[in-house]
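Structure at a glance
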Amino acid sequence: MSSPVPESGTGVKKHIPFVPESMEMKEFTLRAVLLGLLMTIVLGAANAYLGLRAGITIAATYPAAVIAMAAMRAWKGSLLEENIARTAGSIGESVAAGAIFTLPAFVLAKAWPSFRPGDAYWKSTALIMVGSILGVLFISLVRRGMVEDPELPFPESLAASEIHKAGQRGAQAAKYLFWNIGVGGVVYILGKFGLFAADTDLHVGVGSLGHSQVRLGTTGNTHVLATGGTTVFAAPSVSPAYLGVGYIIGVKLASIQFAGSVLAWGLMVPLLIFFLGPQLKAYIPADTPDNWATMADAVWRYIVRPIAVGGMLVGAAFTLFKMRASLTAGLGKAFADLRQSAEQQAKLPRTERYMSSKIVFGLIALMFVLMCLLYIKISGLVWPAILAAVVMILVGFFFATVSGNLVGFIGSSNNPISGLTLSTLLIAALLMVALGVSGTSGVAAVLGVAAVVCVSSAVAGELLQDFKVGYILGGTPKMIQSAELIAVVVASLVMYWPLMLLHEGSIRAGGVGFGGAELPAPQAGLMATLALGIVGHDMAWPLVVVGILFGIAMIMMQVKSPMLVAVGMYLPFGTTFAIFVGGVFRTLGDWVANRRGFNSAQKARVENAGVLVASGLIAGEALLGLVWAGLQFVPSWGAPNHPPQIFSDPSYLVGGMIVLAGLAALMIFVPVSAAGDPNEPAPPTAMM
């Protein structure tokens, strides 16, 4: 991070960007924008495939930053051109996330007759485009307060800015970054080739099925409940990316998130397994295989996760309440800007120049009108569609802001967009039910609201991350906004096609498309199930209410971030465990630095090197993850013709633990080795 220095005559610290605000350099150029648009199409399509297959997407910020830096250095471009190219190139991943989480739900819920172009292209494109543009506009209104909030570490923004700055500093800084890009990529790909197992489940008995029981009364009472079963715990994923994110955000934030997973998998799932064990098959989907690992996953997915959604609803409201001052200030600045003339805008420092608030509010009004028309067309209803558009504007702004706040804490890679969308879907579905809307038209209206909010939230979080990178590097906010608007329009126009090709290709190969074994689309399936359940009056509301009460209890207990706890409950245990382990590695590195008696200058160099190491590991896995996703399109490579494995049954306890220990040594001792001479002056620190 650029260094803060005291303002003259005050004790207030002023942010100093990497490129001074007084310096003019090439930024918004044709080559930067075109490179960004090419990356947003390619990276967005690859993430669409990965998300439909595995239910996750990989942050495109890092590969976009590395590609932009390499291309611009070859073309002798500027640092700010690199930033514009990365900004435009990374947004495709967020557009893809919004698309894959919601568009297949229209097909799965039978709201659309098919996903062929004649039935779905214009609807899909309109929903994605409206949501994407609104995401850019919403976060533009509150960008200032959130970007400058010292409580938000923005781990991925920090990592991306370090990638750009490393190219400017020369070999000393670049070696920590690029060597570890290689390490992260090699570790990821070796795991895919079966050298070691990156994940494993630990089976733990909770009682003994057929023997355990709970007596519902005093001794001698005949009311006895048969109990017992087996639950599972996931070991930390051997993931350079997850470990790197944990290292950057630190152990405190990682612990709060991990606490949610511990509550889910250490309390709720074992408790439910214990009591439901003998009758569990009656409470989970009929097509779930009869094994305890799958049963435990079903309990978490269909019982615990709705509780987490209730917690996220409360956490989201509480997050906005805590942010009320910065949000009010941001909105106040946006309204104040309406009175500024073009001449006054031109006199502002380059790093303070934003897109005119008149344009932002005008575009929001235009999007509202387009949404009304779109919802009327999709649902065939008039007043319910207009009311749905009003709800979308209000809820969309709410969750776009919450999404930005979450990205500030944990990065866009771990932003629970599907959880925010589920919350939106609940609100929209209740509204439709209250209006007496039912059937296919009601389901279509509910999914339409959810789709726009989902894309809006995903884009808003990514754009705030890009704003933070620009803030660190010294980019011009107006240029970043313009690049994002162009990129989301282009991404919206093309994002339907990879989804259609995958869906139709699966059907032609004998599959069922969305929802089948090849394209399970788990989030979209859950959206379709909830929409059908609520509009059809078949929803387990007690679970959501329990989550709401749990969220209120966390607030009463003064938990620092109820939202992060609920997010931890919603994310897989192995993911949050790995992030927590990365935070522990950071703490161990700090302990070693203290034991060696490093002064503040040496600790600053250790900190910078550590962020570069973590950033490299994240970028390496992201790059190779996208390459791996692309290779799945090759018939001889993807399923069922899997690539050759080094070991047919790779080990986690031997191979995985050795790799994890090696990554621990790398992340602890390589930064410590960069401490340097205690007499050298301290560099600008990389962290807030």
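Numbering of residues starts from 1 in each chain and follows the order in which that chain's sequence is written. pLDDT decides what is reported in this predicted model: residues at 70 or higher carry local features, side-chain atom pairs at 80 or more are listed and counted, and totals for whole chains, interfaces and linings draw on all residues regardless. Note that water and hydrogens are dropped before the side-chain values are worked out from all heavy atoms of the structure.

The next point concerns the overall build of the chain. Secondary structure elements follow DSSP: runs of H or I no shorter than four residues count as helices, runs of E no shorter than two count as strands, and numbering proceeds from the N terminus. Each helix and strand counted, the chain has 22 helices and six strands in total. When each of the 688 residues of the chain is scored for burial, the buried share is 57%. Whether two residues are in contact is decided by their heavy atoms: any pair within 4.5 Å suffices. Within the chain, contacts between residues separated by at least 24 positions form 83% of all contacts whose residues are at least 6 apart in sequence. Of the roughly 26,700 Å² that the chain leaves accessible, carbon and sulfur atoms contribute 66%. Each residue is placed in one exposure class: buried if its accessible area under a 1.4 Å probe, protein chains only, is under 20% of its type's maximum, exposed if it is over 50%, and partly exposed if it falls in between. Surface accessibility in these figures is a Shrake-Rupley result with a 1.4 Å probe; residues are shielded only by whichever protein chains are displayed.

Before going further, it helps to spend a moment on the pattern of salt bridges. Between Lys or Arg on one side and Asp or Glu on the other, a salt bridge is scored when a side-chain nitrogen of the former is within 4 Å of a carboxyl oxygen of the latter. Under the counting rule described, the total for this entry stands at four salt bridges. The shortest N-O distance in the salt bridge between Arg86 and Asp466 comes to 2.7 Å. Highlighted residues: Arg86 in helix α3 (residues 79–108) and Asp466 in helix α14 (residues 439–473), separated in sequence by 380 residues. Across the pair Arg301 and Asp297 runs a salt bridge, and its minimum N-O distance is 3.4 Å. Of this pair, Arg301 and Asp297 both sit in helix α8 (residues 292–322), four residues apart, which is roughly one turn of the helix. The class of Arg301 is partly exposed, set by a relative accessible area of 26%. Given a relative accessible area of 27%, Asp297 falls into the partly exposed group.

Attention shifts here to the nonpolar core. Among buried residues, those of type Ala, Val, Leu, Ile, Met, Phe, Trp, Tyr and Cys that are joined through side-chain atoms within 4.5 Å constitute a nonpolar core. Within the largest apolar cluster, 206 residues are counted, with the highest numbers of intra-cluster contacts made by Phe115, Leu127, Leu134 and Tyr375. For this core, the element with the highest residue contribution is α14, accounting for 20 residues. Leave out the neighbours within four places in its chain, and Tyr375 touches Leu127, Gly380, Leu381, Ala385, Ala388, Ala389, Met392, Gly448, Val449 and Val452.

As a general feature of sheets, a regular strand has side chains that alternate between the two faces. Most of strand β6 (residues 229–234) is tucked away, with five of its six residues classed as buried. DSSP bridges decide pairing: two strands pair if at least two such bridges lie between them. In this structure, strand β3 (residues 201–206) lies alongside β6, joined through six bridges in antiparallel fashion. Residue pairing across strands places Leu202 opposite Phe233, the latter belonging to β6.

Bringing helix α2 (residues 61–74) into the picture now. For α2, built from 14 residues, the straight-helix expectation of 20 Å at 1.5 Å per residue is met to within 8% by its first-to-last C-alpha distance of 20 Å. By the criterion of burial, α2 is predominantly enclosed, with ten of the 14 residues buried. Those residues of α2 lying buried are Thr61, Tyr62, Pro63, Ala64, Ala65, Val66, Ala68, Met69, Ala71 and Met72. Downstream of α2 by a residue or two, Lys76 has a phi angle that is positive, lying close to 60°. Every helix has an expected span of 1.5 Å times one less than the residues it contains.

Glancing now at the confidence of the model for the chain. Every residue is assigned a pLDDT by the predictor, reflecting its confidence on a scale from 0 to 100. This prediction gives the chain a mean pLDDT of 81; 85% of its residues lie at or above 70. When mean pLDDT is taken per element in the chain, helix α22 (residues 652–672) scores highest with 93 and strand β1 (residues 4–6) scores lowest with 45. Here residues 1–12 is a poorly scored stretch, pLDDT under 50, and it has 31 contacts once near neighbours within four places are set aside; other chains count.

Our focus in this paragraph is a nonpolar patch on the surface. Patch membership requires over 30% relative accessible area and the absence of a salt bridge. Like charges are linked within 9 Å, and nonpolar side chains (Val, Leu, Ile, Met, Phe, Trp, Tyr) within 5 Å. Nonpolar side chains collect at one region of the surface, where Leu366, Val369, Leu370 and Leu373 lie side by side and expose about 350 Å² of accessible area between them. Tracing the backbone shows Leu373 in helix α11 (residues 357–379). A residue is classified by how much of its surface remains accessible, and Leu373, at 54% relative accessible area, is exposed.

What follows deals with the environment of Ala675. Along the chain, the position of Ala675 falls in the segment after α22. For the pair formed by Ala675 and Lys603, sequence separation is 72 residues and the distance between their alpha carbons is 6.5 Å. In contact with Ala675, not counting residues within four places along its chain, are Phe598, Gln602, Arg605 and Val606.

It is worth spelling out unusual backbone geometry at this point. Of note, the phi angle at Lys76 is positive, near 60°, even though the residue is not glycine. You can see Lys76 is positioned in the loop between α2 and α3. Positive phi values are uncommon outside glycine, yet Gln558 reaches one of about 60°. If you trace the backbone, Gln558 turns up in the loop between α18 (541–556) and α19 (562–570). A residue is classified by how much of its surface remains accessible, and Gln558, at 69% relative accessible area, is exposed.

With 30 residues, α3 should cover 44 Å at 1.5 Å per step; its first-to-last C-alpha distance of 45 Å lies within 8% of that length. Taking burial as the measure, the 30 residues of α3 include 29 buried ones, the bulk of the element. Taken from the residues just after α3, Lys110 is the one with a positive phi, measuring 65°.

Right, let's get into the packing of α14 against helix α15 (residues 477–494). Geometry is summarised by axes, namely lines fitted to C-alpha atoms with helices restricted to the contacting stretch, and by angles between N-to-C directions that run from 0 to 180 degrees. As a packed pair, α14 and α15 sit with axes 10 Å apart at the nearest point and diverge in direction by 145°. Crossing geometry of α14 relative to α15 is assigned as right-handed. In this structure, α14 contributes Val459, Leu463, Asp466, Phe467 and Gly470 to the contact, and α15 contributes Pro477, Ile480, Gln481, Glu484 and Val488. For this scheme, ten residues count as nonpolar: Ala, Val, Leu, Ile, Met, Phe, Trp, Tyr, Cys and Pro. Four count as charged, namely Asp, Glu, Lys and Arg, and the remainder, Gly too, count as polar. Residue classes in the contact of α14 with α15 are distributed as six nonpolar, two polar and two charged. The crossing is said to be left-handed when, going from far helix to near helix, the turn is anticlockwise and less than a right angle, and right-handed when the turn is clockwise.

Now for the environment of Ser78. Its location among the elements puts Ser78 in the loop between α2 and α3. In sequence terms Ser78 and Lys26 are 52 residues apart; their C-alpha atoms lie 6.2 Å from each other. Among the polar contacts listed, one links the side chain of Ser78 to the backbone oxygen of Lys26, at a separation of 2.5 Å. We define a polar contact as two N or O atoms separated by no more than 3.5 Å, with the added condition that, inside protein, one atom must be a possible hydrogen donor and the other a possible acceptor, whereas residues neighbouring each other in sequence contribute only through side-chain atom pairs.

Right, let's get into the side chain of Thr231. With respect to the helices and strands, Thr231 occurs in strand β6. Since its relative accessible area comes to 1%, Thr231 is described here as buried. Residues contacting Thr231, with those up to four places away along its chain left out, are Leu202, His203, Val204, Val206, Val269, Pro270, Ile273 and Ala296.

Glancing now at the packing of aromatic side chains. Here the aromatic set is Phe, Tyr and Trp, taking the six-membered ring for Trp, and pairing holds for ring centres within 6.5 Å; pairs whose planes are under 30 degrees apart are stacked, those over 60 apart are edge-to-face, and all others are tilted. If you walk through the whole model with that rule in mind, you get 15 aromatic pairs. Ring centres of Phe233 and Phe573 lie 5.9 Å apart, and the angle between their planes is 70°; this geometry places the pair in the edge-to-face category. One end of the pair, Phe233, is in strand β6; the other, Phe573, is in helix α20 (residues 573–595), and 340 residues separate them in sequence. Ring centres of Tyr496 and Trp497 lie 5.0 Å apart, and the angle between their planes is 75°; this geometry places the pair in the edge-to-face category. Owing to a relative accessible area of 35%, Trp497 belongs among the partly exposed residues under this scheme.

Time to look at the environment of Ala160. Mapped onto the secondary structure, Ala160 falls in helix α5 (residues 155–169). In this structure, the C-alpha to C-alpha distance between Ala160 and Ser615, residues 455 residues apart in sequence, is 7.3 Å. Excluding anything up to four places from it in sequence, Ala160 contacts Thr61, Tyr62, Arg86 and Val469.

The next subject is the packing of α18 against α19. Where α18 contacts α19, the two axes come as close as 9 Å, and the packing angle between them is 140°. The orientation of α18 relative to α19 falls into the category oblique. Where α18 crosses over α19, the two elements pack in a sense that is right-handed. In this structure, α18 uses Phe550, Met554 and Ile555 to contact α19, whose residues at the interface are Pro562, Val565 and Met569. A per-class count over the contact of α18 with α19 returns six nonpolar, no polar and no charged. Throughout this description, any angle smaller than 35 degrees is read as roughly parallel, any larger than 145 degrees as roughly antiparallel, any in the 65 to 115 degree range as roughly perpendicular, and the remainder as oblique.

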